[in-house]
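# Coordinate analysis (summary)
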Amino acid sequence: MQQPPNYDSLSSGRMPRIFWVMIGVSTLLAVVIVLFLVLRGMQDGRIQSDAQRRQQIAILLQQAVDLRSDNNPREALIRYQDVLKLDGENAEAIAGIGELLDTPLSAAPVVVITPSPTPGLAAPTPTSLNSLDGVWADAQALYNAGRWADAIARLLQVRATDQSFETEQVEEMLYTAYVSLGTEKSNSGSLEEAVNLFDKALALRPDALETRTLRDVTAEYVDALTYLYADWPKVIELLENLYQRNPNYRDVRQRLQEAHTEYADSLSRQNEWCDAAEQFAAAIAVQNGPGLAEKESQAQILCETAPTPSAEDGTVTVQAGTPQPGVTGTPIAGSSPSQPVAGGLGVGRILYSAQDPVDGRERVFAQPVTASVKPVIVVEDAAQPDLRSDGQRLVFRSMRGDQRGLGSFDPATGLRLRFTNFAEDSLPSWNPEGNRITFASNREGDRRWRIYVAWADGNDSGTDLGFGQDPEWHPSADLIVYRGCDNQGNGCGLWTTNSGGGNQQPLTSVPGDAHPVWSPDGRFVVFMSSERDGNWEIYRIEVGSGEIVRLTNSPAIDGIPAVSPDSSRIVFLSNRDGTWKLWVKPITGGIEQPLAGLGGNVDDWMQAKLQWVR
């Protein structure tokens, strides 16, 4: 006979068995999810670590190749050995070491690296290197000949063989060799190497005051150069300290004057005339130069008479028809008696590439945001530059015949790497972490443009994300904006996707929208289009609201935009006065100002790229 439900058990607080089963299953599921997330995080960490290791291997291998080309087998061999520490079975490093060991100048059974012969000094033989006495004799000969790097190698070999052997003399010779080689490196401009060598000397003699002073002066100079164009007050502080200690050190006087002048120019562009006047005066006090007195006088006058900014966006109110420093053009007809004009061009540098009209080579330039300053060549045989957010690596489209594809350049070391091997790969852009790039290519047989993502380690041809062009990675998120269509080829315009090719979302719906770039704050995407108003103009879209605003209006070509580091201005290419120039205007709208002409010709403006960096 079926028993009725036991309602008394429920009312007394005891739960049915199914309830506890559900609780147990839920708990188990939660544990599984947590374990999955932990394992996924560990896997992502391993992937990141492996990518960094592969990148370091690629850098070391490239350095080894460059050193061999420069006839420096000793340093090349060290780079190959460093590779094997990271990857003990690296075929390229093993082959490179084998080739170097087959070379007579590098055949040494004990230390692997052998000094090259010097006139009047017999080259050491393999037999002499097998005994401590032979190595010691070789070290003394190299030391007396002033071959400091080779002498250091032999002295370290002596010390490694027998630490009690001629201890005081070996230490004395090592100290002198480190200081002498450091001085040579300093005189040749290899300042970071010099600091490292002075540190090694001081490790042997911590109380060597003269060497410590030389080391500190060199290190301060290196630090000052590191902050150039990024933090002028810091540059001035470091150079001022160095100038007070040793006004005759290298070009510190000229550097200090230039730092004061550059900072004053930057302040002038921001209408901070009183501070600018002080900096111009400081530059004159260090070393007077052409035009400085006039600039100081003008800044002082404006300090006493110019209106102060009255709006949050830094605009000033001026009378219509009154020219303002740093602003070109005439007031708009029919404007009100008082018109707000955005002050200054901003700060930083504009990266672009141009073709030399004489030799035809493509070069990447850095144009300071100061119209009176000429652009500086950053790297040869390169186009479409994109600087990593930390400023330590520039990725670009290589124009060298033997290194077509995407490559990179380290401004601090001059090292050049090759990332991809396809000449069609173009328009690279860094991810926020600085370890991957996105780019476009029509490398496939159908010649259709596709978007790719690749690790920036010199050993990745990229992962295909689908059809599209002009990719640009978000400054702080895993989001790529690009020119493309949906999977059926419809809805063409600007789209966004993640680095895995998923979560594709339309941003605009006009097929002619092209070359999108993010504002660094992620609020806007600025792009160019010829299909919205019948001419190439610059537009911006607010990502959150979808509101689109036209920023330029010229019968000429306005295109290839980039946004300033503070997201307040844009720079773009235009031929509105007959030649290609860089133009600047506020991202909120306002007067456009020409910044500078280009350092060469523009072969195909549609394939150009600008980047505004600090």
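As a starting point, this report considers the structure included with it.

The antiparallel open sheet is built from four strands, whose spatial order is β6-β7-β8-β9. Edge positions in the open sheet fall to β6 (382–387) and β9 (416–418), since each of these has one partner strand only. Taking the axes of each pair of neighbouring strands and ignoring which way they run, one obtains an average angle of 25 degrees across the sheet. Judged from the five bridges that link them, strand β7 (residues 394–398) and strand β8 (residues 405–409) form a sheet pairing that is antiparallel. The partner of S398 across the bridge, within β8, is G405.

For the rest of this paragraph, the subject is helix α8 (residues 167–187). Given 3.6 residues to a turn, an α-helix orients residues that are three or four positions apart in the same direction. The end-to-end C-alpha separation of α8 is 30 Å, in line with the 30 Å expected for 21 residues at 1.5 Å each. Among the residues making up α8, those that are buried are V170, M173, L174, Y175, A177, Y178, V179, L181, G182 and S186. Just past α8, the residue G189 takes up positive phi, approximately 95 degrees.

Another point: the pairing of strand β4 (residues 362–368). Along β4, seven of the seven residues are buried, which leaves the element largely enclosed by surrounding structure. The two faces of β4 match: E362, V364, A366 and P368 on one face and R363, F365 and Q367 on the other face are all buried. Pairing geometry for strand β3 (residues 349–355) and β4, over seven bridges, is antiparallel. Residue Y352 lies in a different strand from β4, and its bridge partner there is F365. Taking the residues that link successive antiparallel strands as the turn, the β3-β4 hairpin has six residues, and the phi of G360 there is positive, at about 75 degrees.

This part takes up the pattern of salt bridges. In total, this model carries 32 salt bridges according to the counting rule given. Residue D386 pairs with K609 through a salt bridge whose shortest N-O separation is 3.2 Å. Remark: K609 occurs in the loop between β25 (593–597) and β26 (611–613) and D386 occurs in strand β6; sequence separation between them is 223 residues. Across the pair, exposure class does not vary: D386 and K609 are buried alike. Via salt bridges that share partners, D356, D359, R361, R363, E380 and D381 belong to a single interconnected network.

Residue position: R436 is located in strand β11 (residues 436–441). Buried charge without a partner: R436 forms no salt bridge, and the closest opposite charge is D478, 4.5 Å away. At 3.3 Å, the side chain of R436 forms a polar contact with the side chain of S499. Apart from the residues lying within four places of it in its own chain, the contact partners of R436 are S429, W430, N431, V453, A454, W455, A456, W473 and S499.

Further remarks concern the state of the cysteines. Throughout the structure, instances matching the rule amount to two disulfides. Each sulfur in the disulfide pair C274 and C303 lies 1.9 Å from the other. Disulfide C274-C303: torsion about the S-S bond near 90 degrees, hence right-handed. Here C274, found in helix α13 (residues 273–286), pairs with C303, found in helix α14 (residues 292–305); they are 29 residues apart in sequence, far enough to count as distant.

Scoring rules and cut-offs
- Residues numbered from 1 in each chain as written.
- Predicted model: local features only at pLDDT ≥ 70, side-chain atom pairs only at ≥ 80, totals over all residues.
- Heavy atoms only, no water.
- Pairing = 2+ DSSP bridges.
- Helix = DSSP H or I, 4+ residues; strand = E, 2+ residues; numbered from the N terminus.
- Axes fitted to C-alpha atoms, helices over the stretch in contact; angles between N-to-C directions.
- Expected span 1.5 Å × (residues − 1).
- Buried < 20%, exposed > 50% of the residue type's maximum accessible area, 1.4 Å probe, protein only.
- Salt bridge = Lys/Arg side-chain N within 4 Å of Asp/Glu carboxyl O.
- Lys, Arg positive; Asp, Glu negative; His and termini not counted.
- Polar contact = N/O pair within 3.5 Å; in protein donor to acceptor, adjacent residues only side chain to side chain.
- Contact = heavy atoms within 4.5 Å.
- Disulfide = S-S within 2.5 Å.

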